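Listed here are the chains, written in short residue letters.
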Amino acid sequence: MSKLLSNTWVRVAVVVVVAALLLIAPLVLPVFANQTLTRMGVYAVAVLGLNIIMGYTGQVMLGQIFFLGVGAYVTAYGVNNDWNIVVTFFAACILPGLLGLVIALAAARLGGLAIAMVTIALPIIGVPLAKRLTDLTGGSQGTSARFSSAPDWTGLDNDQWQYYMVMVITVIGFVLAYNLVRGKFGRAMAIVRDNEAVARSIGISPYRYKVMAFTIASIFGGASGFLYMVAVQYTSPETMSFAHSISLLAAMVVGGAASIAGSLIGGVYYVLVPQVTNAIDPTVTAISQGIILVAVLFILPGGLVSLPRVIRRLTRKRDTAVATSPQTTSPMHQDAGQAAEGPETERQGQS
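A separate point is the environment of tyrosine 73. One can find tyrosine 73 in helix H3 (residues 64–80). For the pair tyrosine 73 and alanine 130, spaced 57 residues apart in sequence, the C-alpha separation works out to 9.1 Å. Ignoring any residue separated from it by four or fewer positions in sequence, one finds tyrosine 73 in contact with Ala130, Thr137, Thr143, Thr235, Ser236, Pro237 and Met240. In this structure the side chain of tyrosine 73 is engaged in a polar contact, spanning 3.4 Å, whose partner is the backbone oxygen of serine 236.

Here you go:
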C-alpha cells in the first residue's frame, strides 16, 4: 500500500513539475525555441489522431495529413471572413470529421491493402483539388490568416501567445484521448484490433468502431490544422502532400503505436529531427530519418516510449542472473559444503 501511495505521489510530482515547466518555458526561451515547441504541439495532435485509428484500432491510415490540410483551410476561410474564433475552431474540427465519417462509412468494410489505397488517395486528390479551388484556398499560392497575434492586455509577445494557445488545446486533446482509450471505447477498439471474430462474438461491431475511430482521427486532424494556422498563419496545397503523411506515420511508429505518450514523442520527433539534420547537412535529412526509423523498428519495436520498459526488463534479467549465479554463494554455505564433502573424501582415500 505504501509503495502504491509513493508511486502515486511521484506521478503527481512529475505532472506538477512538467506543468510548471510548460507554463514558464515561453517566458524565458527565445522566439525560435517557442516556435519549435509550438509546432511540436501541432504535430503531436495530428500523430495522436493517427494513433487512435492505427495504434488502437489497427486500421491502415495513410491520409491523416489531408484532414490537417482541410482544418487549416477551414481556419483560414473562417478568419478571413471574420468568423468568431471559437466558431472557426469547431468548424475546423467538424468539417474534417464529417468528411472522415463519409469516407469511413465506405472504407471501413475494407481491410488491409484496400483501405490503405483509399487513404493514400486522400492527399493525392487533395493537393490538385486545393490548387483548383482558387476562391476558397488561394490556389497554388496558398492563403494566409493572421489571427493569432497577442492581445495587448496579455503583455505577451506573439510567439508566447501562440505557444499558450497551442498548449491549451493540445493538453485538452491529450486528456480527452487518454480518457477515451482508457475507457469502454478503448477496450472495444483493442478487441477489434486483436481479433474481429472475438469482437463479434461478444457483441462488439468492428465496422461501427472502425467508423468511429476513423471519424475521431479526422477530428483530431482538423484540430491540428487549426493549430497549424495558429503557429504558421499560412497554408498551401503543399501542406497536405503525401510525403508529409508518410512522415506523420513514421513519427507515430518512432514515438510508439497505441500510446498516448508515444504520440507526444512522435510530435517532437516530427519537428526536431529534421531541424537537427538540416542544420548538419540538408542533403542527408531523408536518409537520416530512414535510418532512425529502421533502427527503432529493429531495436525498439514498441517505439521510443517503450525504452524505459525495455531497460527495466534488462535490469531485472541481470539482477536475476546475478542472484542465481554460483559465485553468489555465501562463504558459510561453501564451508558447510566442504565440511560435508570431507568425510566422504577421507573414506574414498582409505579404501
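In this model helix H13 (residues 285–299) runs 21 Å from its N-terminal to its C-terminal C-alpha over 15 residues, within 8% of the 21 Å that 1.5 Å per residue would give. Considering only its buried residues, H13 is in contact with helix H11 (242–255) and helix H12 (260–280).

Time to look at a positive patch on the surface. A cluster of basic residues, Arg309, Arg312, Arg313, Arg316 and Lys317, forms a positive patch on the protein surface. Mapped onto the fold, arginine 309 is located in helix H14 (residues 307–324).

Our focus in this paragraph is the packing of helix H2 (residues 31–54) against H12. Taken N-terminus to C-terminus, the directions of H2 and H12 make an angle of 135°; their axes are 7 Å apart at the nearest point. As the angle between them shows, H2 and H12 are arranged oblique. Of the two elements, H2 crosses H12, and the hand of that crossing is right-handed. In contact with Phe32, Thr36, Arg39, Met40, Tyr43, Ala44, Val47, Leu48 and Asn51 of H2, H12 contributes Ile260, Ser263, Leu264, Gly266, Gly267, Val268, Tyr270, Val271, Leu272 and Gln275.

Where H3 contacts helix H10 (residues 206–232), the two axes come as close as 7 Å, and the packing angle between them is 50°. Classified by the angle between their axes, H3 and H10 sit oblique to one another. In this structure, the crossing between H3 and H10 has a hand that is right-handed. Residue-level inspection shows Gln64, Phe67, Leu68, Gly71, Ala72, Thr75 and Ala76 of H3 in contact with H10, the latter providing Phe214, Ala217, Ser218, Phe220, Gly221, Gly222, Ser224, Gly225, Phe226, Tyr228 and Met229. Here the contact of H3 with H10 is composed, by residue class, of ten nonpolar, eight polar and no charged.

In this structure, the largest pocket spans a volume of roughly 860 Å³. Lining the largest pocket are 23 residues, and of these Val18, Leu22, Val171, Phe174 and Leu264 lie nearest its centre. Of all the secondary structure elements, the ones that give two or more residues to the lining of the largest pocket are helix H1 (2–28), H2, helix H7 (158–182) and H12. Among the elements that line the lining of the largest pocket, the one with the most residues is H7, at eight residues. Considering only residue class, the lining of the largest pocket consists of 19 nonpolar, three polar and one charged.

A pair can form between side chains of opposite charge whenever their charged atoms are brought close. Considering all chains together, one arrives at four salt bridges under this definition. Here lysine 210 and glutamate 196 are joined by a salt bridge, their closest N and O atoms 2.6 Å apart. Here lysine 210, found in helix H10, pairs with glutamate 196, found in helix H9 (residues 196–201); they are 14 residues apart in sequence, far enough to count as distant. The network of salt bridges with common partners includes Glu196, Arg200 and Lys210.

The next thing to look at is the confidence of the model for the protein chain. For the protein chain, the mean per-residue pLDDT works out to 88, and 90% of the residues sit at or above 70. Summarising per-element confidence for the protein chain, the mean pLDDT is lowest in helix H15 (residues 331–350) (47) and highest in H3 (97). Long-range and interchain partners of residues 336–351, a stretch whose pLDDT sits below 50, account for zero contacts in this model, where long-range means more than four residues apart.

Another point: the packing of aromatic side chains. Taken as a whole and judged by the stated rule, the model has ten aromatic pairs. For the pair phenylalanine 66 and phenylalanine 67, a centre-to-centre distance of 5.3 Å together with 75° between the ring planes defines the contact as edge-to-face. Residue classification places phenylalanine 67 among the buried positions, given a relative accessible area of 0%. Residues phenylalanine 89 and phenylalanine 226 carry aromatic rings whose centres are separated by 5.0 Å and whose planes lie at 75° to one another, so their mutual orientation is edge-to-face. Taken together, the residues phenylalanine 89 in helix H4 (residues 85–107) and phenylalanine 226 in helix H10 connect sequence positions 137 residues apart. With respect to burial, phenylalanine 89 and phenylalanine 226 carry one shared label: buried. Taken together, the ring pairs connect Phe89, Phe90, Phe147 and Phe226 into an aromatic cluster.

Calculation notes
- Residues numbered from 1 in each chain as written.
- Predicted model: local features only at pLDDT ≥ 70, side-chain atom pairs only at ≥ 80, totals over all residues.
- Heavy atoms only, no water.
- Helix = DSSP H or I, 4+ residues; strand = E, 2+ residues; numbered from the N terminus.
- Contact = heavy atoms within 4.5 Å.
- Polar contact = N/O pair within 3.5 Å; in protein donor to acceptor, adjacent residues only side chain to side chain.
- Expected span 1.5 Å × (residues − 1).
- Patch = residues over 30% accessible without salt bridge, like charges linked within 9 Å, V, L, I, M, F, W, Y side chains within 5 Å.
- Areas by Shrake-Rupley, 256 points an atom, 1.4 Å probe, with all protein chains shown as cover.
- Salt bridge = Lys/Arg side-chain N within 4 Å of Asp/Glu carboxyl O.
- Lys, Arg positive; Asp, Glu negative; His and termini not counted.
- Charge placed at Lys NZ, Arg CZ, Asp CG, Glu CD.
- Axes fitted to C-alpha atoms, helices over the stretch in contact; angles between N-to-C directions.
- Parallel < 35°, antiparallel > 145°, perpendicular 65-115°, else oblique.
- Left-handed = near helix turned anticlockwise from the far one by under 90°.
- Nonpolar A, V, L, I, M, F, W, Y, C, P; charged D, E, K, R; others polar.
- 1 Å grid on protein atoms, 1.4 Å probe; cavity = no way out; pocket = protein on both sides within 12 Å on 5 of 7 lines; lining within 4 Å.
- Points joined across faces, edges and corners; volume = space filled by probe spheres on them.
- pLDDT = per-residue confidence, 0-100.
- Phe/Tyr/Trp six-rings, centres within 6.5 Å; stacked < 30°, edge-to-face > 60°.
- Buried < 20%, exposed > 50% of the residue type's maximum accessible area, 1.4 Å probe, protein only.

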